[in-house]
Amino acid sequence: TQLLEQSPQFLSIQEGENLTVYCNSSSVFSSLQWYRQEPGEGPVLLVTVVTGGEVKKLKRLTFQFGDARKDSSLHITAAQPGDTGLYLCAGDVSYKLSFGAGTTVTVRA
Amino acid sequence: EAQVTQNPRYLITVTGKKLTVTCSQNMNHEYMSWYRQDPGLGLRQIYYSMNVEVTDKGDVPEGYKVSRKEKRNFPLILESPSPNQTSLYFCASSLSSPGGKYEQYFGPGTRLTVT
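Fair warning: this is a prediction, and the values are worked out from it, not measured in the lab.

Here is what the cut-offs are and how they apply
- Residues numbered from 1 in each chain as written.
- Chains lettered and ligands numbered in written order.
- Predicted model: local features only at pLDDT ≥ 70, side-chain atom pairs only at ≥ 80, totals over all residues.
- Heavy atoms only, no water.
- Contact = heavy atoms within 4.5 Å.
- Buried area = accessible area lost by both parts, 1.4 Å probe.
- Salt bridge = Lys/Arg side-chain N within 4 Å of Asp/Glu carboxyl O.
- Phe/Tyr/Trp six-rings, centres within 6.5 Å; stacked < 30°, edge-to-face > 60°.
- Helix = DSSP H or I, 4+ residues; strand = E, 2+ residues; numbered from the N terminus.
- Buried < 20%, exposed > 50% of the residue type's maximum accessible area, 1.4 Å probe, protein only.

Novice: Now, about the interface of chain A and chain B: what can you tell me, with residues and values included?
Specialist: The partner chain B presents 25 residues to the 22 residues of chain A that form the contact. Across the chain A/chain B interface, buried area totals approximately 1,600 Å², and carbon plus sulfur atoms make up 53% of it. For the chain A face of the interface with chain B, the top three residues by lost area are A:Tyr95, A:Lys96 and A:Phe99, together amounting to 32%. Applying the counting rule to chain A against chain B returns 1 salt bridge. B:Asp59 is paired through a salt bridge with A:Lys96; the nearest N and O atoms lie 3.5 Å apart.

Shown next, in the form of structure tokens:
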């Protein structure tokens, strides 16, 4: 059983549409990170959220940390084909990062 | 260029034949880690190291060994590989324990197949 549950597992949308990926847990995290991984490469950090209720924006990507620091969401506005990839959330637990299973996002041109 | 390197990138081997996957980082990071990535399971930590000569088990350590004799290197050793160790492996490093203000940098991955 994974500490972090991501949904949906797969998401396929048309260019220009919006999408939201969810990351949920029953555990409290002192911080939560979002990574994007492209085929044949290692994950790359997008953002870290630390404070409950925190919202961070990275161009068309908006990240939110839940008030209780147990969940997070990633929202992409007007998705582009370059947003295609595997999105992973990870929470820090005792000197380690625990990862969700990931959400595969495909943006069709 | 700041990076984490892994070798080999691809490896096909047979059951029981010992192998080592090397990992090196040039960022003077104290924390290093090995993960395996399997479909539907995400990244699972195998071992991590907080500093030289300090290693500890992650979530799935069975069948693996590591060592940290130098700060920059963190090899992953499979003494007797089995088919259930077929996976995509990633090495990662960070200045300190990942999370919070510490970004974790990943290597390009090693795809291992054990027949």
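Now, onward.
Novice: Please give an account of the packing of aromatic side chains that cites residues and values.
Specialist: One pass over the full model with this rule turns up 9 aromatic pairs over all chains. Taking the centre distance of 5.7 Å and the plane angle of 85 degrees together, the rings of A:Tyr35 and B:Phe106 count as edge-to-face. Taken as a pair, A:Tyr35 in strand E4 (residues 32-37) and B:Phe106 in strand E10 (residues 105-106) lie in two separate chains rather than in one. According to the relative accessible area criterion, A:Tyr35 is buried, its value standing at 0%.

So, to be careful, I would describe these as geometric facts and stop short of saying anything about function.
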